[in-house]
Amino acid sequence: MPAPTHAKVIIIGSGPAGLTAALYAARANLAPIVFAGHMYGGQLMLTTEVENYPGFVDGIMGPELMEAFRAQAERFGSIIHNVDVTEVDLAKRPFVVRTAEDEFTADCVIVATGASARWLDIPGEARLRGRGVSTCATCDGAFFREKHIVVVGGGDSAMEEALFLTRFGSKVTVIHRRDSLRASKIMAERALNHEKISFIWNTAVEEVIGEDSATALRIKNLVSGEVTTLEAQALFIAIGHDPNTGIFRGQLTLDSAGYIASDDGVRTNVEGVFVAGDVYDIRYKQAVTAAGMGCKAAIDAEKYLESLETHHKAAVPA
Ligand code: NAP
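In this text, all values refer to a predicted model and were calculated from it rather than measured experimentally.

**Q** Even after reading the chapter, I still don't get the state of the cysteines, so can you show me in this structure?
**A** Note on terminology: disulfide describes a covalent bond linking the sulfur atoms of two cysteines. Across all of its chains, the model carries 0 disulfides by this definition. We note that Cys 295 lacks a disulfide partner, and the nearest cysteine sulfur, in Cys 108, lies 14 Å from it.

**Q** Would you mind going over helix α5 (residues 185-192) with me for this structure?
**A** Each full turn of the α-helix corresponds to 3.6 residues, which orients residues three or four apart in the same direction. Along α5, the residues that are buried comprise Met 187, Ala 188 and Ala 191. The arc enclosing the buried residues of α5, seen along the axis, measures out at 100 degrees, which places them on a common side. Those residues of α5 that are exposed and aimed more than 90 degrees away from the buried face are Lys 185 and Ile 186. Close packing links the buried residues of α5 with α4 (156-165) and β13 (197-200).

**Q** Where do I start with the sheet that holds strand β10 (residues 133-134) in this structure?
**A** Two strands in a sheet stick together by hydrogen bonds in their backbones, pointing the same way (parallel) or opposite ways (antiparallel). Within the open sheet, the 5 strands sit side by side as β10-β17-β11-β12-β13. Their pairing is parallel. Only two strands of the sheet have a single partner each, and these edge strands are β10 and β13. Here strand β12 (residues 171-175) runs beside β13; their pairing, made up of 4 bridges, is parallel. Bridge assignment links Val 174 to a residue of β13, and that residue is Phe 199. On top of the sheet, α4 reaches β11 (148-152), β12, β13 and β17 (234-237); it is set at about 170 degrees to β11, its chief contact.

**Q** Whenever I open this one, the domain arrangement of the chain confuses me. Can you help?
**A** It is common to report an interface's size as the accessible area lost on association of the parts. In terms of domain boundaries, the chain breaks down into domain 1 (6-116 + 241-315) and domain 2 (133-237). Between the C-alpha centres of domain 1 and domain 2 there is a distance of 33 Å. Tallying the contact residues gives 6 residues for domain 1 and 7 residues for domain 2. Interface of domain 1 and domain 2: buried area, both sides summed, is about 490 Å²; carbon and sulfur atoms make up 47% of it. When residues of domain 1 are sorted by the area they lose upon contact with domain 2, Leu 46, Thr 48 and Glu 51 head the list and together hold 73% of the total. Taken together, the links from domain 1 to domain 2 amount to 1 salt bridge. Between Arg 190 and Glu 51 there is a salt bridge; the shortest N-O distance is 3.2 Å.

**Q** Quick question: what am I supposed to make of the sheet that holds strand β15 (residues 216-221) here?
**A** Taking strand neighbours across the sheet as the criterion, the 3 strands line up as β14-β15-β16 in an open arrangement whose pairing is antiparallel. The open sheet is flanked by β14 (203-209) and β16 (227-231), the only strands paired with a single partner. Each strand axis lies, on average, 30 degrees off the axis of its neighbour in the sheet, ignoring direction. In the sheet, β15 pairs with β16 via 5 bridges, with the strands oriented antiparallel. Paired with Leu 217 across the bridge in β16 is Leu 230.

**Q** Would you take a moment to explain the site of the ligand for this structure?
**A** Near the ligand you find 20 residues, and of these Gly 154, Asp 156, Ser 157, Arg 178 and Arg 182 are the closest. Within the side chain of Asn 52, an N or O atom sits 3.2 Å from an oxygen atom of the ligand. Gln 286 places a side-chain nitrogen or oxygen 3.3 Å from an oxygen atom of the ligand. Calculation on the ligand without its partners gives an accessible area of 920 Å², and the protein chains cover 77% of this total. Here the shell around the ligand takes 3 residues from α4, the largest share from any one element. Residue composition of the shell around the ligand, by class: 5 nonpolar, 9 polar and 6 charged. Counting residues domain by domain, the shell around the ligand receives three or more from each of domain 1 (6-116 + 241-315) and domain 2 (133-237).

**Q** Just checking my understanding: could you explain the pattern of salt bridges for this structure?
**A** Pairs can form between side chains of opposite charge once their charged atoms are near each other. In total, this model carries 10 salt bridges according to the counting rule given. In this structure, the salt-bridge partner of Lys 92 is Asp 89, at a minimum N-O distance of 3.8 Å. Here Glu 103 makes a salt bridge to Arg 98, at a shortest N to O gap of 2.9 Å. Within the structure, one salt-bridge network assembled from shared partners comprises Glu 87, Arg 98 and Glu 103.

What counts, and where the lines are drawn
- Numbering of residues starts from 1 in every chain and runs along the sequence as written.
- Given that the model is predicted, a residue must reach a pLDDT of at least 70 before its local features are reported, and side-chain atom pairs must reach 80 or more before they are shown or counted; all residues, however, enter totals for whole chains, interfaces and linings.
- Only hydrogens and water are set aside when side-chain values are computed; all heavy atoms of the structure are taken into account.
- Two cysteine sulfur atoms form a disulfide, by the criterion used here, when they sit within 2.5 Å.
- Each residue gets one of three labels from its accessible area relative to the maximum for its type: buried under 20%, exposed over 50%, partly exposed in between, using a 1.4 Å probe on protein chains only.
- Runs of E in the DSSP output that reach at least two residues are strands. Runs of H or I that reach at least four are helices, and both are numbered from the N terminus.
- This arc is taken over the directions from the axis of the helix to the C-beta atoms.
- Contact criterion: two residues are considered in contact whenever any of their non-hydrogen atoms come within 4.5 Å of each other.
- Any two strands with at least two DSSP-identified bridges between them are counted as paired.
- Axis lines are fitted to C-alpha atoms, over the contacting stretch for helices. Their N-to-C directions set the angle, which ranges from 0 to 180 degrees.
- Note that the domain bounds reflect an automated or database-derived domain assignment.
- By buried area we mean the combined loss of accessible area, with a 1.4 Å probe, across both parts when two parts are placed together.
- A pairing counts as a salt bridge when a side-chain nitrogen of Lys or Arg comes within 4 Å of a carboxyl oxygen of Asp or Glu.
- Nearness here has a simple test: a residue counts as near a molecule or strand if at least one of its heavy atoms is within 4 Å of that partner.
- Polar contacts, as used here, are pairs of N or O atoms within 3.5 Å; protein pairs need one atom able to donate a hydrogen and one able to accept it. Residues neighboring in sequence count only if both atoms are side-chain atoms.
- Reported accessibility uses the Shrake-Rupley method at a 1.4 Å probe radius. Residues are deemed covered only where the shown protein chains occlude them.
- Throughout this entry, Asp, Glu, Lys and Arg are counted as charged residues, while Ala, Val, Leu, Ile, Met, Phe, Trp, Tyr, Cys and Pro are counted as nonpolar. The remaining residues, Gly among them, count as polar.

See below:
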């Protein structure tokens, strides 16, 4: 049987939000189609130990958790494609969702496209990406055994990356633009107390230096204005994320930061299009909150589809 190209529900995204939406939609017998993206699983695929997802007393590895999410969604009939959505048409009914190869339609859409790591946008960064510059310690950390590794950022991601990178680097330096951390107390303390990690405060990285690979960073003290060169073979950037909303621009209302706007955190400005997870949530950005939002989106999508059917029946004369 050919794979279906129409679904009652299409879910775009396969992090905790998308796959929880898929689980609930599948259990409601809606056989959702999920566009998981070519790098399925969302940001937890790029993380190591997840210690704060409830139910895992000793923690669980991010990729392992996402494999379980996926298997559970598939168990109840979700159809998951590991391809990217390139375009949507949310003005048409049914909604149209396109990939590079195919066109799909849906009565309702759940947007759970998450967010992507932010870059510093400094000279040398793009040129040396993959050759010393990275946003993913779990992906690239092992390339820098016994090297000096720098991490930029002061949030939980930066602390997590720095702690993870201590397994490889001869030393790890965190460079932060202020003099205090944004990270949670527990993560901050772990990093501050780690013997291999040191901190450079009130400082910005202004350039990555190196021919074929990174060899040093030009850094500027934001208080004194002093510019110096710091020898380092790796720069891991952990300065937050931007929402993946490019394909929805002009079709869904976005807020000033580019996140999908929603009055209740579930519905968008287009009836029948729902949102879940980091693509909406600028505040909490946790796997467990994303999963909760995915559940809400699927339940509301189901109610919406029911209301469509009731409407349709009422419109058809007996
Ligand atoms: P975040 O909390 O937004 O922190 C971003 C950090 O990068 C901030 O310290 C910020 O500086 C700095 N920054 C932003 N733009 C910069 C720029 N252009 N140049 C230099 N520095 C810049 O982002 P996150 O660390 O990715 O965390 C996001 C969310 O995920 C948070 O809610 C966090 O709790 C959660 N998370 C949790 C865990 C965990 O619990 N294990 C792990 C990872 C993430 P300022 O402080 O000056 O703004």
